[in-house]
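Here are the chains, one letter per residue:
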Amino acid sequence: MASADGLIDLDGSVLEGGGQILRIGAAITALLQKPLRVQQIRAGRSNPGLRPQHLAGLELVTEICRGKLEGGYPKSLCIMLVPNKIRGGHYLADTQTAGSICLLMQISLPVMLFADQEVEIVYRGGTDADYAPSIDHFTMIFQSVAKHFGIEFDCKVRTRGYYPRGGGEVVLRTRPIRFLKPVNLTDPGTVVRITGRAFVAGVLPIKIAHTMAHVATEVIRAVYPKVAIEIQAVKEQNAIGNGTGIIIMAETSTRCRLAGSALGKKGVPAEKVGEEAADMLLNNLEHQGCVDEYLQDQLIIFMALAKGHSTLKCGALSLHTETAIHVAKTLTNAKFEVKEVAGISGSFTIECDGIGLENRSAR
């Protein structure tokens, strides 16, 4: 809700009530050049207020748009961001924890695209973290789908970092975009190929990766016996700390990409991790959508900013997606409509009339 002086107020405790509100809110306010206040930040959580990774993201966006940030300190329940002109250049974002690098990318990528020149950001933190997309999901899934919006970027993983040490480092480079294209992702096609990578890092033996890959392959083959499946077992060479996990990607005849993934944890057998990732992929494919559960909410901001009408077919809306729509509607006035797909249980379409934001500084 906007006040008489143009300040937009958001309640940071509604719906998902976490970092999603901050990420989308800060990105859009920087793009639209409207001041934003977020109150009751993560008020319903056991550890309310800003966490280090949230603060790192807000500080990064503030630096890119030459803005001013008030209330930017750990555990703060209220922030105000007053943006200025978005500038290209070189930046560093460091969570100083194992906080997710991919969540830092989520808050900064939309802003980077509308800068006046190329932007390069070095991110430091965790490349594979709980409750967040992994760097592999970003490069294997998001980067491919982003091209439908006309988004191109370079991403280089220098070092992988895991909980609790972090220490991962990723470099993202973008060039200015004039405007975002609308998307029509409604035809999932048929699965033509399944690939993936099961990894270990640090002192963990490669046998764990082979076990995850084998079990995942067997689970998927029982449902897709005629589809080629190739999941590589990998020992990460450039990594900080010990970590293990698996990501599996299904590619379809219409160029859709969906994934399932899981991270290993102490005391959890490798077989269980492989099975969990395979089950997630199969669940994502079952709803006959074009995107998986991790990608769903990430596309909402781009749909809201795009120049035209977008339609996205997906599974049941996650709370993160509902939150993303709420924030995008509040800040941009983009029109969203969610419809259930007749005859397919758990399948929905998200339609959006984007605002057609233009980057007049793009060269």
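Residues numbered from 1 in each chain as written. Predicted model: local features only at pLDDT ≥ 70, side-chain atom pairs only at ≥ 80, totals over all residues. Heavy atoms only, no water.

Peer 1: In this structure, what is going on with the pairing of strand E5 (residues 89–94)? I would like to understand it.
Peer 2: Where a strand is regular, its side chains alternate between the two sheet faces. Covered by surrounding structure in E5 are Gly-89, Tyr-91 and Ala-93 only, the residues His-90, Leu-92 and Asp-94 on the alternate face being uncovered. Here E5 runs beside strand E6 (residues 119–125); their pairing, made up of 6 bridges, is parallel. When the sheet's bridge partners are listed, Ala-93 is paired in E6 with Tyr-123. (Buried < 20%, exposed > 50% of the residue type's maximum accessible area, 1.4 Å probe, protein only. Helix = DSSP H or I, 4+ residues; strand = E, 2+ residues; numbered from the N terminus. Pairing = 2+ DSSP bridges.)

Peer 1: In this structure, what is going on with the nonpolar core? I would like to understand it.
Peer 2: Nonpolar side chains tend to gather and get buried jointly when the protein is soluble and globular. Core analysis: the biggest nonpolar cluster contains 107 residues, and Tyr-123, Leu-180, Ile-246 and Ile-248 have the highest contact counts within it. The residues contacting Tyr-123, other than those within four sequence positions of it, are Leu-60, Ala-93, Ile-101, Leu-104, Met-105, Ser-108, Met-112, Gly-168, Glu-169, Val-170 and Leu-172. (Core = buried A, V, L, I, M, F, W, Y, C linked by side-chain atoms within 4.5 Å. Contact = heavy atoms within 4.5 Å.)

Peer 1: Looking at this structure, how should I read the environment of Ile-247?
Peer 2: If you trace the backbone, Ile-247 turns up in strand E13 (residues 243–252). A relative accessible area of 2% means that Ile-247 is categorised as buried. Spatially, the C-alpha atoms of Ile-247 and Gly-260 are 5.8 Å apart, while their sequence positions differ by 13 residues. For Ile-247, the contacting residues outside a window of four places in its chain are Ser-134, Asp-136, His-137, Met-140, Thr-195, Gly-196, Arg-197, Ala-259, Gly-260 and Ser-261.

Peer 1: Explanation requested: the sheet that holds strand E17 (residues 347–353) in the structure shown.
Peer 2: What holds strands together in a sheet is hydrogen bonding between their backbones, with the strands either parallel or antiparallel. Read across the sheet, 4 strands follow the order E9-E15-E17-E16 without closing on themselves; strand pairing throughout is mixed. Each having just a single partner strand, strand E9 (184–185) and strand E16 (335–340) make up the two edges of the open sheet. One ladder, built from 7 bridges, connects strand E15 (residues 309–315) with E17; its direction is antiparallel. When the sheet's bridge partners are listed, His-309 is paired in E17 with Asp-353. Strands E16 and E17 of the sheet are contacted by helix H9 (residues 319–332), whose axis makes an angle of about 150° with E16. (Axes fitted to C-alpha atoms, helices over the stretch in contact; angles between N-to-C directions.)

Peer 1: Could you clarify how one ought to interpret the environment of Cys-314 in this entry?
Peer 2: With respect to the helices and strands, the residue Cys-314 is situated in strand E15. Judged by relative accessible area, Cys-314 falls into the buried class, the value being 0%. In sequence terms Cys-314 and Glu-293 are 21 residues apart; their C-alpha atoms lie 8.1 Å from each other.

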